[in-house]
Amino acid sequence: MAALLPRAKDFGLALPAPPTRPQRPSASTAFRGSFGLRCFALPAVASFLTSLRSQSRRRFSAPRRAVNTDAEYKIDLEGLVSLCKRRGFVFPSGEIYGGYNGFFDYGPLGAELKNNLKRMWWRKMVHCRDDVIGLDSSIVTTPSVHQASGHVDNFSDPMVDCTESKKRFRADQLMWAKVELEDGTSAGYVSMVEDGNVEVALKKAAKKLIKQKKIEGGFKELEIKDMTDATEEEVKLIPSPATGLPGSLTGARAFNLMFETYVGPYSDGASKSYLRPETAQGIFVNFKTVTYVMRQKIPFGIAQIGKAFRNEITPRQFLFRSREFEQMEIEYFIDPEADFKAIQEEWIMEMWNFLKAVGLKESLLDREVHEGEKLAHYARACTDIVFTYPFGTQELLGVAARGEYDLQQHAQASGESLEYQVPGQKRKFVPHVIEPSCGVDRLFLALLCSAYDEDEIDGEKRSLLRFHPCVAPITCAIFPLLKNKPPLVEKAKGLAAMLRSSGFNVLYDEAGTIGKRYRRMDEVGTPFCCTIDFDTLEDDTVTIRRRDDPLKVERKKREDIGAFLMKECQLPEQ
């Protein structure tokens, strides 16, 4: 039985790190990855590391993201992981073989919740608008697409190896500092994998180091750096976070994040392709065709929900940073002369309101504006909507003004004009783009964090998930009061069948007392429970119990339950 209990390491739990944009090439050491794919790390490039060092210095001149002290969670990440596994939301992939780091399987309830989130996003962003249409592009496409977009040459992260423990670290997330005494002599070095309290943790490690060496007196203010800023001599002196001992870390080198695969019967350069690292490029290369066949006029958007793959060096924080994930993106094409800042702000508010509507707590949301050198080379502006998770405040969704960069790159590489002809005019232009992009898995995790609650009813404590009915995995549970009374069972199963035929995901349950059945449904976030009792046999009404107001019950006609649920499951207007 103990082997069946979820463990933090099953899900790759670790300390958080804010996402950074990759910069430059990688190539040539091959190893086997998932799906039988060959994954390659490209050789280090001096300019790549120089760029990372300058970024590192800029990054530490400002405060780093930390845990929001105003956010009071009743559960930590490990508890959330346990709940997910125990109640069928998320499992480690290939668990019977020990799991596979960075990959997860969504269980029965997780699949329902995730699909409901995607369905609500599609309804709000596509079906409820006249200016957005949908697309579903392929995961594998011609490698020319990734070459033109810059992913083949530039989609890399810096990596450091520990030769002793065989562990790998993101170089820009492995923090270190020299412990210099007041008299100017060195007591050694301290290091750690980045979290929200780097300075506090390294100061604590420095005090411990001085105590171990039995040194009297204090030390100077620590100058915190990451491994991309370490010299060759310093690398030899910095202890590995895995062993606590110096001498086992390698210098930083570039590592390409794309999964490579081969198309066709031969494994050679001519048949090499990639699993897409983002869904956006499929939209850009289809821009001209979609514009023509759907007779679209600018401004308009193309939306897509789909899988993407990144060979993360250190996947961690459960679903937050994984190697296989899903994105919901819109590329909104605008006139170059339009006020892009105003349009970007409209999309920021559209996304903000959507997050609130599906159930995220607004107190856990915030904005982070990228300015100056923090912007990607192709972006004119970018604002992230960040969320305070139990492990820190991290990016949940981004709205970027990408300019014309992507369309120009593909036009230049393909030789195909991607200009837009203004109807009735001689004017042509390459559209600029506003890109709202959200990770489905990160939103899934944020929703679990927002929904988890604990309360007390009649002196009894309960844990529950307060999902909005529009996204809840189970919309309604149907109970016969007694399972040994055939008339009650027949009525209950009839109601369940009627609601299923209307498109609702309902659960029929007759095991245990009514109280225990209610508690089971509370824990998985079911908003409504209908009980078939002896009054139902008399007047065909059923008892409706609401998860969020369990002491208040109401009765409705069986035939009216479908209309009641339909009204309750509407996405709230913001």
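As recorded in an unreviewed UniProt entry, the protein goes by the name glycine--tRNA ligase, listed as coming from Durusdinium trenchii. UniProt, in its Sequence similarities (unreviewed entry) section for the protein, records the words "Belongs to the class-II aminoacyl-tRNA synthetase family."

Student: Whenever I open this one, unusual backbone geometry confuses me. Can you help?
Tutor: For residues other than glycine, phi is negative in most cases, and the peptide bonds are mostly trans. Pro 299 follows Ile 298 through a cis peptide bond whose omega is 10°. Phi is positive for Phe 318, close to 60°, though the residue is something other than glycine. Among the structural elements, Phe 318 can be located in the loop between β14 (300-309) and β15 (324-334). With phi around 60°, Asp 540 is a residue other than glycine that occupies positive phi space. Taking the relative accessible area as the measure of exposure, Asp 540 reaches 23% and is therefore partly exposed.

Student: Explain the packing of helix α2 (residues 77-86) against helix α12 (residues 440-451) here, please?
Tutor: Geometrically, a packed helix pair is captured by the angle between its two axes and the distance between the axes. Across the interface, α2 lies against α12 with an axial gap of 11 Å and an inter-helix angle of 100°. Between α2 and α12, the interaxial angle falls into the category roughly perpendicular. Along its contact with α2, which presents Leu 77, Leu 80 and Cys 84, the element α12 presents Leu 445, Leu 448 and Cys 449. Of the residues in the contact of α2 with α12, the class split is 6 nonpolar, no polar and no charged.

Student: For this particular structure, what's the right way to read the sheet that holds strand β9 (residues 186-193)?
Tutor: In a beta sheet, neighbouring strands pair by backbone hydrogen bonds and run either parallel or antiparallel. Across the sheet, 3 strands lie side by side as β9-β8-β10; this open sheet has antiparallel pairing. Two strands bound the open sheet, and with one partner strand each, they are β9 and β10 (225-226). As paired elements, strand β8 (residues 174-180) and β9 share 7 bridges and run antiparallel to each other. Looking at β9, one finds that Glu 180 is bridged to Ser 186. With respect to the sheet, helix α6 (residues 198-212) is in contact with β8 and β9, its orientation differing from that of β9 by roughly 140°.

Student: Got a minute to help me understand the side chain of Thr 383 in this structure?
Tutor: Of note, Thr 383 is situated in strand β17 (residues 381-389). In this structure Thr 383 touches Gln 344, Ile 348, Arg 367, Glu 368, Val 369, Leu 397, Gly 398 and Val 399, once residues within four positions along its chain are discounted.

Student: Explain a nonpolar patch on the surface to me, please; I cannot follow it from the model alone.
Tutor: On the surface, Leu 481, Leu 482, Phe 534 and Leu 537 cluster together into a nonpolar patch covering about 300 Å² of accessible area. For Phe 534, the position within the fold is in helix α15 (residues 534-539). Since its relative accessible area comes to 40%, Phe 534 is described here as partly exposed.

Student: It is not clear to me how the packing of aromatic side chains should be interpreted in this structure. Could you clarify?
Tutor: In this description, a pair of aromatic rings is defined by centroid distance and the angle of the planes. Under the definition given, this model contains 18 aromatic pairs. Ring geometry for Trp 176 and Tyr 189: centres 5.9 Å apart, planes at 45°, overall tilted. Taken together, the residues span a long stretch of sequence, with Trp 176 in strand β8 and Tyr 189 in strand β9 at a distance of 13 residues. A residue is classified by how much of its surface remains accessible, and Trp 176, at 2% relative accessible area, is buried. With relative accessibility at 12%, the residue Tyr 189 sits in the buried group. A connected cluster of aromatic rings, assembled from ring pairs, spans Phe 284, Phe 287, Phe 300 and Phe 333. When the ring centre of Phe 340 is taken as reference, the NZ or CZ atom of Arg 380 above it lies at 3.9 Å. We note Arg 442 situated over the ring of Phe 320; from NZ or CZ to the ring centre the distance is 3.8 Å.

Student: Looking at this structure, I do not really get the pattern of salt bridges. What am I missing?
Tutor: Pairs can form between side chains of opposite charge whenever their charged atoms are close. Across all of its chains, the model carries 40 salt bridges by this definition. In this structure, Asp 540 engages Lys 491 in a salt bridge whose closest nitrogen and oxygen atoms are separated by 3.2 Å. Linking Asp 540 in the loop between α15 and β27 (541-546) with Lys 491 in helix α13 (residues 486-501), this pair joins segments that are 49 residues apart in sequence. The partly exposed category is assigned to Lys 491, whose relative accessible area is 24%. Where Arg 546 meets Glu 568, a salt bridge forms, and the shortest distance between an N and an O atom there is 3.5 Å. Residue Arg 546 is found in strand β27, and its partner Glu 568 is found in helix α16 (residues 561-568); the two are separated by 22 residues along the sequence.

Cut-offs applied
Residues numbered from 1 in each chain as written. Predicted model: local features only at pLDDT ≥ 70, side-chain atom pairs only at ≥ 80, totals over all residues. Heavy atoms only, no water. UniProt positions renumbered as here; feature names shortened; annotations may be inferred. Helix = DSSP H or I, 4+ residues; strand = E, 2+ residues; numbered from the N terminus. Buried < 20%, exposed > 50% of the residue type's maximum accessible area, 1.4 Å probe, protein only. Axes fitted to C-alpha atoms, helices over the stretch in contact; angles between N-to-C directions. Parallel < 35°, antiparallel > 145°, perpendicular 65-115°, else oblique. Contact = heavy atoms within 4.5 Å. Nonpolar A, V, L, I, M, F, W, Y, C, P; charged D, E, K, R; others polar. Pairing = 2+ DSSP bridges. Patch = residues over 30% accessible without salt bridge, like charges linked within 9 Å, V, L, I, M, F, W, Y side chains within 5 Å. Areas by Shrake-Rupley, 256 points an atom, 1.4 Å probe, with all protein chains shown as cover. Salt bridge = Lys/Arg side-chain N within 4 Å of Asp/Glu carboxyl O. Phe/Tyr/Trp six-rings, centres within 6.5 Å; stacked < 30°, edge-to-face > 60°. Lys NZ or Arg CZ within 6 Å of the ring centre and 35° of its normal.

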